[in-house]
Amino acid sequence: MVQYEVTVFTGDRLNSTTLNNVFIKLVGTDGESDRKWLVGLKGASSFVRGAVSKFKVSCSTSLGNLLLVELDKQSLPLFPEDSWFCAKVEVKSPEGNIYSFPIYRWIADSKVHRFRDGKALRVFEDNHHLGRYSRQQEIHQREEDYRWDAYAEKIPHSMKAENPSSLPYEVQFSFTKSTEFFYTASTGLTELKLKGMDNCKEKWDNIDSIDRVFCCKKTDISEYVQEHWKEDAFFGYQFLNGVNPMLIQLCTALPSNFPVTDDMVFPHGQCSLADEMKKGNIFLCDYKRLDGVKANTINGKKQYLMAPLVLLHKAPDDKLMPIAIQLKQTPSDDNPIFLPTDSEYDWLIAKIFVRSADFSEHQLNVHLLRTHLLAEVFAVSLLRNVPMVHPLYKLLKPHTRYSLHVNLLARSLLISETGSFTQFAASGGEGMFTILQRSVSSVTYSSLCMPDDIAERGLEAVPNFYYRDDGLKIWDIIHRFVQGILSYYYKTDSEVEQDSELQKWILDIFEHGFLSRAETGIPRRFTCVTELVKFVTMVIFTCSAQHAAVNYGQYDYGGWMPNTPISLQLPPPTTKGTTSEATMLATFPDVNVTVQGMATMWLLSKQSSDFVPLGQYPEEHFTEEIPRKILKDFQMELEDLSLVIKARNKRLEVPYTCMDPSEIENSVAI
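Residues numbered from 1 in each chain as written. Predicted model: local features only at pLDDT ≥ 70, side-chain atom pairs only at ≥ 80, totals over all residues. Heavy atoms only, no water.

Caption draft 1: Fine view of unusual backbone geometry. In this model, Y104 sits at a positive phi of 50 degrees, which is unusual for a non-glycine residue. Relative accessible area serves as the criterion here: at 11%, Y104 is assigned to the buried category. The phi dihedral of N299 falls on the positive side, at around 55 degrees, and the residue is not glycine. As for its placement among the helices and strands, N299 is situated in the loop between strand 14 (297-298) and strand 15 (301-302). For N299, a relative accessible area of 25% puts it in the partly exposed group. (Buried < 20%, exposed > 50% of the residue type's maximum accessible area, 1.4 Å probe, protein only. Helix = DSSP H or I, 4+ residues; strand = E, 2+ residues; numbered from the N terminus.)

Caption draft 2: View of the sheet that holds strand 16 (residues 309-314). Spatially, the 5 strands line up as an open sheet ordered 12-13-16-17-18, and their pairing is antiparallel. Both outer strands of the open sheet, strand 12 (249-250) and strand 18 (337-338), are each paired with one neighbouring strand and no more. Pairing between strand 12 and strand 13 (residues 282-286): 2 bridges, direction antiparallel. Across the sheet, residue Q249 finds its bridge partner in strand 13, namely L284. Those strands touched by helix 5 (residues 232-241) are strand 13, strand 16 and strand 17 (320-326), and its axis lies near 90 degrees from that of strand 17. (Pairing = 2+ DSSP bridges. Contact = heavy atoms within 4.5 Å. Axes fitted to C-alpha atoms, helices over the stretch in contact; angles between N-to-C directions.)

Caption draft 3: Representation of the UniProt feature "binding site: Ca(2+)" (unreviewed entry) in the protein within the structure. Sites flagged by UniProt as "binding site: Ca(2+)" (unreviewed entry) map to D82. Note on placement: D82 falls in the loop between strand 6 (66-74) and strand 7 (84-92). Here D82 is in contact with T17, T18, L19, N20, K73, I107 and A108, once residues within four sequence places are set aside. (UniProt positions renumbered as here; feature names shortened; annotations may be inferred.)

Caption draft 4: The arrangement of the nonpolar core in detail. Of all hydrophobic cores here, the largest spans 194 residues; its most connected members are L26, V89, W505, F535, V536 and F588. A total of 23 residues in this core trace back to one element, the largest contributor, which is helix 8 (residues 344-385). Residues within four places of F535 in sequence aside, it is in contact with F378, Y445, W505, I506, I509, I522, P523 and F526. Core analysis: the next-biggest nonpolar cluster, separate from the first, contains 15 residues, F266, I282, L311 and I323 among them. (Core = buried A, V, L, I, M, F, W, Y, C linked by side-chain atoms within 4.5 Å.)

Caption draft 5: Representation of helix 2 (residues 175-191) within the structure. Residue A185 marks the point of greatest curvature in helix 2, where the axis turns by about 40 degrees. Three or more residues of helix 2 are buried, namely K177, F181, T184, T187, G188 and L189. Among the structural elements, helix 10 (403-413) and helix 21 (591-605) are those in contact with the buried residues of helix 2. Looking one or two residues beyond helix 2, the residue adopting positive phi is K193, at roughly 55 degrees. (Bend = angle between axes of the 7 residues up to and from the residue.)

Caption draft 6: Main features of a nonpolar patch on the surface. A contiguous nonpolar patch, built from L19, L78 and F79 and spanning about 330 Å² of accessible area, is present on the exposed surface. Assignment of secondary structure puts F79 in the loop between strand 6 and strand 7. (Patch = residues over 30% accessible without salt bridge, like charges linked within 9 Å, V, L, I, M, F, W, Y side chains within 5 Å. Areas by Shrake-Rupley, 256 points an atom, 1.4 Å probe, with all protein chains shown as cover. Salt bridge = Lys/Arg side-chain N within 4 Å of Asp/Glu carboxyl O.)

Caption draft 7: Region of the structure containing the sheet that holds strand 7. The antiparallel open sheet is built from 4 strands, whose spatial order is 5-1-7-8. Two strands bound the open sheet, and with one partner strand each, they are strand 5 (52-59) and strand 8 (98-107). For this sheet, the mean inter-axis angle between neighbouring strands, taken without regard to orientation, is 20 degrees. Sheet topology places strand 1 (residues 2-10) next to strand 5; 8 bridges connect them, and they run antiparallel. Looking at the pairing, Q3 lines up with S58 of strand 5.

Caption draft 8: Representation of the pattern of salt bridges. Counted by the stated rule, this structure contains 37 salt bridges. The partner of D610 in a salt bridge is R401, and the shortest N-O contact between them spans 3.3 Å. Of the two residues, D610 is situated in the loop between helix 21 and helix 22 (625-649) and R401 in the loop between helix 9 (391-396) and helix 10; the sequence distance between them amounts to 209 residues. Among the residues examined, R401 registers a relative accessible area of 23% and is labelled partly exposed. Among the salt bridges present, the one from E665 reaches R401, with a minimum N-O distance of 3.8 Å. Of the two residues, E665 sits in the segment after helix 22 while R401 sits in the loop between helix 9 and helix 10, which places them 264 residues apart along the sequence. Classification of E665 as buried rests on a relative accessible area of 2%. Here the residues in one salt-bridge network are R105, E138, R142 and E170, joined through shared partners.

Here it is, written out as structure tokens:
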């Protein structure tokens, strides 16, 4: 007889414990053990939260190299079936070899579950028939568990699920995350001391009334926004370092529908548009995707959503200053070009309409489509097509955490017929799908890759552009990490080409995420290691850093409603000189719309206590020495960058924290 020493690690999560009987079978190249009931000295506490329990499994002869373990649990007559979160199993063979089996799964039924040794294996390396069979069985089950669904026409597909409880256990919120999320959602209005105002359908009668609501919950940045929202320099700053740094681009020629003249913007003849454009000092923000979108009706009143064009000038002091705003796309006598030299409220109301348009562009294109919906596509394709033993699964699984659950909640609580966005945003309802469909046609591979995107928009040299500065550094760090990991497993381009699971992953993304549109530039198959590394870098960046950049500042920049109105209920002025503070207040959204917007932004900006920052991998999927060393180097680079960003932010009037690696979550988890 020979003995195998088995160590079982129960996860350190709430409700990880099982009181059921746990059984194991060891499977090797030369045979398999009997199914063994794991009974140890700890008795019923062997599988409580955080427990590390040791057992012995006896076999008549050596099993050879271990391939997998089979785990199952059975309930006792007096105990109901429960859910057990097993972290990993380690086995020491009679020959002294240590095998590690990463689990990191909830086992909630009495079925047999098979788990492979932690060494990553691509499909063409899996030579043993038991390994191949296990791999095929896993993929077959995953195809059943993770099915595609079309939530709406002409937008990326989602995972088919009726409600959060119908999701597989492995992608559901933890007990901690679920409790905190629903507590924040249900008490958001109370926490912001807005209870009683969420049904008030009156207009704001003065700016002080808005301040009394806002003062209930301030952050350092939201307080700064309240003090500076009217200033041109801050208006321009937000195009670079606010929640939507994705629209601004270098302007080398004025659009034909934006007839700005030198006399308008440089009345003293100090310079000309042509000269400033040659110097790279003129920038454009064009909200053409919003043109003609049907605006919502809220509280029985028609709302207004413009499609502005904004011209900005880099001043000698390096500040980005707005110099012209046209609120509709088609030039006409009743569509004036507003200028800083106009009356205070003419110019301010023009900027307010731009900020309201930016809310819709940001929420639907930049935030929902380009991070949440794409993250879901990346995750579903991974979970459908790639087994746990594959290096790509080990690399990307941490970047899918909670994404499917949070998107299901978004479809239910935000953009459904009764969702808060549908009810209270100018672009809610029919307009939302129009904007999403138009935005899909603008998504290209290069626009998702930060170095390419910055170059295409001509923003390499813009000063004080911290989103770019920090983001490019993070992109490079992620790229080095991904290159190190994937180059370890893929030595040649042909190995990439012949990996059928890898090819299924990218094909599903091409078809279900990018709707088989070749013009996006998204590959439908991988032909070389370099191409694979870039694409996986983009996936990790999108799910972590990019989402952080466009999500976590929502309350900071939108909590003070006048800076980011989610809807406006008067049309813009058609002639100059007709506006006043009373016009502005009447244009703002009603009280209930304002407070619902504040509560939603507060929820979406709130970090949970089980937040996992970029580069931290509590689940040890990689067991080989070299990948673990590459991971450690990745973490050290991120820590160094975090220190640099924190030091820089101490010198800034408005710190830019969104791209600090310690503030970036590993996945789209909120």
